[in-house]
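Residue-level structure breakdown
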Amino acid sequence: MNEAQDRMIERVRETLRTTPDAAPDPRAVGRLLNTVWESPRPSAWRRLLDAWRVPALSALGASAVAGFALFVGFLTRGALGERLEREPLSATGEFPVQPGATPVMQAAAFAGESAPVLTQFVLDRRDARSVSLVGDFNDWKGGSTPLTRLESGLWTVSVPLAPGRHVYAYLIDGTLVQADPRAPKSDDADYGREGSVVMVFAR
Amino acid sequence: MNDTPPGSSIDPTLPLRAKAGDRQAFAQLVDVMYPRSLRFALHMVGNREDAEEAVQDAFVRVWHNLGRFRDDARFEPWLFRILANRCRSLMEKRRRHAMVIQYGEVPERGGPPRTNDDRDWTEEIYRVLATLPVEQREAFLLRHVEDMAYEDIAAVTGVGLSALRMRVKRACDVLRARLSEVIRDE
């Protein structure tokens, strides 16, 4: 292998690593999470069969377990699985929405299929004279979504957001862009700004 | 070549918190791992729709099997093993479409638009990748695109280190040979 050939593999690697074809839809994560939360827990024998594919047991051990599960499944005709089915999230409303939760959690308020979800943003910057919210939902326009200062000194605003993943930041005193210290950081370099991620869940 | 990949991008407490039922931790795991998962699946199965389905299936399985995730294990090889299985199952299911490469519309995500030359080069790579045996494609992508150590790839594929090195070498040989022809023809 010569140096030129190594450069070839390096070029392939860079192309595949950076291809925009594999860029995720910004709303895909939110949709995927909805699917995960709503997915029924597999029946007991299905989970045992999954043990063959999901690594934790040796292949031999998993095969033995799967064989036993098939035998049990045959005897019970799925009766075990029916008892273990879990109610979907939409029925139980178990997703936590708590005071002081991060925006990711607050955004989990329930909504219609694609209806905007009212999402509250809170920032503790008592030294700021003005704060506004900038993000992909307002084209990063400073001043278009101002936060209100509460008596406690906290800044807050509620914004209707479409379900999906949004990147945002706070604009402090009209000049300083600051990510939300309580939210996951965005690694998107799309806008060259430090940003945070909020995931808005539809039902 | 150095076999040690860059450090994991995952906060190691996230899988454990998710295992304990913390949905926000799981959401963060998905958010961190989704782009790499989609990239791997897309290059494995060759079309966007199946890739998204494989990734979704994988994360559903991860969520329901987190109880079986060992506290001392690393999350990425575990996820990629489940994802690779989903990709293989989908490819088997849609084998009749195996030779059709249907990469999706190019999303607009900033950065300069690609030239025709870039597009042609990328599509040539896709074509050659699609001709590789599945096990070679999988090993090459995990090693050279996802930067995994051979030990982790062994955990993903269940294959020994020397066999894995041979798979990666063969994939590299084919890519070099075919893409060199393309460059000579230009």
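The following refers to the structure shown. (Residues numbered from 1 in each chain as written. Chains lettered and ligands numbered in written order. Predicted model: local features only at pLDDT ≥ 70, side-chain atom pairs only at ≥ 80, totals over all residues. Heavy atoms only, no water.)

Bringing the overall build of chain A into the picture now. Per the secondary structure count, chain A includes seven helices and seven strands. Starting at the N terminus and walking to the C terminus, you meet the elements of chain A as α-α-α-α-α-α-α-β-β-β-β-β-β-β. Taken over 203 residues, chain A has a buried fraction of 44%. When the accessible surface of chain A is totalled, it reaches about 10,600 Å², and 56% of it is carbon and sulfur. (Helix = DSSP H or I, 4+ residues; strand = E, 2+ residues; numbered from the N terminus. Buried < 20%, exposed > 50% of the residue type's maximum accessible area, 1.4 Å probe, protein only. Areas by Shrake-Rupley, 256 points an atom, 1.4 Å probe, with all protein chains shown as cover.)

Here is a general trend for soluble globular proteins: nonpolar side chains tend to be buried in one another's company. Within the largest apolar cluster, 73 residues are counted, with the highest numbers of intra-cluster contacts made by L16 and L33 of chain A together with F26, F59, F75, L83 and F140 of chain B. Grouped together as the second largest cluster of nonpolar side chains are 17 residues, V117, A128, L161 and V200 of chain A included. (Core = buried A, V, L, I, M, F, W, Y, C linked by side-chain atoms within 4.5 Å.)

Let's shift gears to the packing of aromatic side chains. The geometry of two aromatic rings is summed up by the distance between their centres and the angle between their planes. All told, the structure shown has 11 aromatic pairs over all chains when counted by the stated rule. Note on F121 of chain A and F137 of chain A: the rings are 6.4 Å apart at their centroids and 35 degrees apart in plane angle, and the pair reads as tilted. In this pair, F121 of chain A is assigned in strand β1 (residues 117-123) and F137 of chain A in the loop between β2 (131-135) and β3 (148-149), connecting sequence segments 16 residues apart. Counting every residue linked through ring pairs, the aromatic cluster contains W37 of chain A together with F26, F59 and W63 of chain B. Geometry around W37 of chain A places R23 of chain B over its ring, the cationic atom sitting 4.6 Å from the centre. Against the face of Y150 of chain B rests R165 of chain B, its NZ or CZ located 4.5 Å from the ring centre. (Phe/Tyr/Trp six-rings, centres within 6.5 Å; stacked < 30°, edge-to-face > 60°. Lys NZ or Arg CZ within 6 Å of the ring centre and 35° of its normal.)

For the structure on display, the rule yields 24 salt bridges over all chains. For the salt bridge of D31 of chain B with R165 of chain A, the shortest nitrogen-to-oxygen distance reads 2.8 Å. Residue D31 of chain B is found in helix α2 (residues 23-45), and its partner R165 of chain A is found in strand β5 (residues 164-172); the two belong to separate chains. R165 of chain A carries the same exposure label as D31 of chain B, and that label is buried. One salt bridge connects E124 of chain B with R127 of chain B, and the closest N-O pair in it is separated by 3.1 Å. Linking E124 of chain B with R127 of chain B, this pair stays in helix α5 (residues 116-131), spanning three residues, or about one helical turn. Where salt bridges share partners, they join R36, R39, R74, E76, E146 and D152 of chain B into one cluster. (Salt bridge = Lys/Arg side-chain N within 4 Å of Asp/Glu carboxyl O.)

All quantities given are derived from atomic positions and should not be read as evidence of function.
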